[in-house]
Amino acid sequence: MPKQHSRSFRLVCEDRLIPLVEALLHAQGYAFEPEPFSPLCRRLCCEPRPLGASLAAFFGYIYIQDRSSMLPPLALAPRPGEAVLDVCASPGSKSGFLAQLTGPTGFVLANEPTPARLGTLRANLHQCNLLQAATCSYNGENLPLAPASWNAIQLDPPCSGWGTAEKHPRVLKLWQGDKLNSLTGLQQRLLRRAASLLAPGGRLVYSTCTTNEAENEAQVRFAEEELGLVRETLPPFPGFVWEERSGGAGTLRVDGEKSQAQGFYLALLRKTAECGNADATAQTASGPRKGREGRDAGRPLPPECLAGPCCDPALLPPGRAALYGEHVRFIPEQATEMLPPDLIWQGALLGRLTGGRLSPAPRLRRLLPEPPRPDAALVLDDIADLTALLSGQSRQTGLAGREAALWWRDLPLGRVALKQGRAVATFK
Ligand SMILES: C[S@@+](CC[C@H](N)C(=O)[O-])C[C@H]1O[C@@H](n2cnc3c(N)ncnc32)[C@H](O)[C@@H]1O
């Protein structure tokens with residue numbers, strides 16, 4: 001029987017909403033304690049039903065994540081407003097945390113080449129309302145971005161996953177012998193490309209969930225010796241037990257068993273000003289894919305098309321809304337400035353255009369007018385009423401119109417449809 005660690009999660013909200021999200025979890029019987037390494041992270045003590053089925057998870061106010069996997073974004077430590085590239089992003093655990101750390105004025109480009117996993121990544125970012133994150137889908141080793149254009153890069157490449165063996169014992173058999181060579185080769189190609197995309201002085205966090213030295217300490221040596229990156233010493237995060245391996249000075253290796261976490265490895269590498277460009281030739285190796293949404297394909301939408309009873313366009317982060325077919329997406333200001341014109345990428349979904357106006361996605365809580373408008377908001381106090389609504393029961397509201405904002409006490413949740421005054425949940 002695989003051993004289960006206690007579960008951890010991250011709060012995905014502004015600081016002012018933290019007490020409300022915690023109250024929502026408490027109202028459903030969950031108990032938890034703060035993690036010592038980040039004010040946004042918590043560890044579960046009591047889970048009366050699976051945390052993934054909680055209301056806080058449903059509304060994207062928490063993200064369940066192994067505690068080790070929370071560390072790379074903290075090690076990269078983006079400043080508010082900074083732009084970050086996440087080369088291997090799905091399901092988005094690190095992209096999401098990075099977007100929180102950069103804040104609404106920041107920008108995260110989350111790349112994932114595998115189509116099914118790209119869908120999961122986009123769904124997770126949408127559920128968490130992280131409008132400052134955009135996605136693209138390229139093999140990371142061929143990412144067609146301008147050389148030396150990023151100050152902060154997260155590289156969490158495919159790895160053997162030996163650090164997850166307690167939960168997934170099969171990884172130890174699956175990844176052995178020659179198969180490991182294909183992984184280490186890919187990791188080196190990804191490191192080479194990431195190094196070439198780093199601006200002088202820029203930093204890169206390399207992380208894996210494996211205990212395999214060839215994918216960890218040896219890859220950091222490769223980055224130093226072949227790519228000219230310089231290792232920076234990471235201070236150990238509180239709340240973990242660390243392992244030491246020869247050649248690993250300054251990098252961090254989580255002792256999974258003693259830390260109640262996945263076995264994990266992370267290193268911080270910097271490109272010095274003198275460092276040459278390791279891979280300028282690969283810059284045009286992969287052209288854009290046809291038939292996807294590109295930067296210039298979207299028609300700008302004036303803010304008045306966005307304004308409505310459930311949407312205040314003044315709450316949008318820096319950037320603009322644009323129309324792609326019937327979908328309205330958010331284009332962060334930094335994306336317009338930083339991304340090459342031929343890159344194919346997608347901004348966060350805001351909703352659909354119907355009758356010349358935005359019909360916001362039901363989950364779009366970030367743009368709900370505050371405080372709730374009495375003529376256009378359903379404010380529930382009782383958890384039972386909320387769960388009944390989500391389980392398909394409609395509810396008389398006495399409100400006019402076609403939609404209403406949904407709140408639990410002072411916590412904005414999303415949008416419900418109104419049918420003859422009855423609220424109906426349409427969340428997917
Ligand atoms: C370890 S997982 C990333 C986990 C993610 N960083 C997170 O925290 O949620 C590695 C990801 O790399 C993707 N991947 C596979 N080949 C790739 C490539 N050539 N370039 C970029 N990403 C790749 C995989 O599909 C997988 O989603």
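What counts, and where the lines are drawn
- Throughout, a residue's number is its position along its own chain's written sequence, starting from 1.
- In keeping with the model being predicted, local features are shown solely for residues with a pLDDT of at least 70 and side-chain atom pairs are shown and tallied solely at 80 or more, while totals for entire chains, interfaces and linings include all residues.
- Side-chain metrics rest on all non-hydrogen atoms present in the structure, leaving aside hydrogens and water.
- Each salt bridge in this description consists of a side-chain nitrogen of Lys or Arg and a carboxyl oxygen of Asp or Glu lying within 4 Å of one another.
- A helix here means a DSSP run of H or I that spans at least four residues, while a strand means a run of E at least two residues long, and both kinds are numbered starting from the N terminus.
- Per-residue accessibility, obtained with a 1.4 Å probe over protein chains only, is compared with the maximum for each type, and a residue is labelled buried under 20%, exposed over 50%, and partly exposed between these values.
- UniProt positions are given in the numbering used here, feature names are shortened, and annotations may be inferred rather than shown by experiment.
- Any pair of residues with heavy atoms lying within 4.5 Å of one another is described as a contacting pair.
- Here, the term right-handed applies to a crossover whose path from the first strand over the helix to the second runs clockwise when the strands point away from the viewer.
- Any two strands with at least two DSSP-identified bridges between them are counted as paired.
- Only the stretch in contact is used when fitting a helix axis, every axis being a line fitted to C-alpha atoms; angles between N-to-C directions are given from 0 to 180 degrees.

K.L.:
Would you take a moment to explain the pattern of salt bridges for this structure?
P.N.:
Pairing between side chains of opposite charge can happen when the charged atoms of each approach one another. Here the structure, examined in full by the defined rule, presents 20 salt bridges. Taking the shortest distance from any N to any O, the salt bridge between Glu 82 and Arg 79 comes out at 3.3 Å. Notably, a salt bridge pairs Arg 203 with Glu 82, separated by 2.8 Å at the nearest N-O pair. Here the residue Arg 203 occupies a position in strand β9 (residues 198-208), and Glu 82 occupies one in the loop between α3 (71-76) and β5 (83-86), the gap between them amounting to 121 residues. For Arg 203, a relative accessible area of 9% translates into the label buried. Residues participating in the shared-partner salt-bridge network are Glu 14, Arg 16 and Glu 370.

K.L.:
I tried to follow the UniProt feature "binding site: S-adenosyl-L-methionine" (unreviewed entry) in the protein on my own but got confused; where do I start?
P.N.:
The UniProt entry lists Glu 112 and Asp 156 under the feature "binding site: S-adenosyl-L-methionine" (unreviewed entry), expressed in the numbering used here. Judged by maximum C-alpha separation, these annotated positions cover 45 residues in sequence but sit close together in space, the widest gap being only 11.2 Å. With respect to the helices and strands, Glu 112 occurs in the loop between β6 (107-111) and α5 (115-127). Non-local contacts of Glu 112, meaning those with residues more than four positions away in its chain, are made with Cys 88, Ala 89, Ser 90, Arg 117, Leu 118, Leu 121, Cys 136, Ser 137 and Tyr 138.

K.L.:
In this structure, what is going on with the pairing of β6? I would like to understand it.
P.N.:
If a strand is regular, its side chains alternate between the two faces of the sheet. Burial within β6 is extensive, with five of its five residues counted as buried. For the segment spanning β5, helix α4 (residues 93-102) and β6, crossover handedness is right-handed. Both β6 and strand β7 (residues 133-136) contribute to a ladder of four bridges, which runs parallel. Residue pairing in the sheet places Asn 111 in a bridge with Cys 136 of β7. For the crossover that starts at β6, traverses α5 and ends in the parallel β7, the hand is right-handed.

K.L.:
Sorry, what's going on with the sheet that holds strand β19 (residues 377-380) here?
P.N.:
Strand-to-strand pairing in sheets goes through backbone hydrogen bonds, with the strands running parallel or antiparallel. Strand order across the open sheet formed by five strands is β19-β21-β22-β23-β20, with mixed pairing between neighbours. Across the chains shown, the open sheet's two edge strands, defined by having one partner strand only, are β19 and β20 (395-396). Note: strand β21 (residues 403-408) against strand β22 (residues 411-419), six bridges, orientation antiparallel. Its bridge partner lying in β22, Glu 403 is registered against Ala 417. Here helix α1 (residues 18-27) sits on the sheet and contacts β21 and β22; the angle it forms with β21, its principal contact strand, is near 75 degrees.

K.L.:
What exactly am I supposed to notice about the sheet that holds strand β4 (residues 62-64) here?
P.N.:
Strand order in the open sheet formed by four strands is β2-β3-β1-β4, with antiparallel pairing between adjacent strands. Both outer strands of the open sheet, β2 (31-34) and β4, are each paired with one neighbouring strand and no more. Pairs of neighbouring strands in the sheet enclose a mean axial angle of 35 degrees, with direction left out of account. With three bridges joining them, strand β1 (residues 8-11) and β4 adopt antiparallel strand pairing. Bridge pairing in β4 links Phe 9 to Ile 64. Contacting β1, β2, β3 (41-46) and β4, α1 runs over the sheet at an angle of about 140 degrees to β1. In the packing of α4 onto the sheet, contacts are made with β1, β3 and β4, and the angle to β1 comes to roughly 35 degrees.

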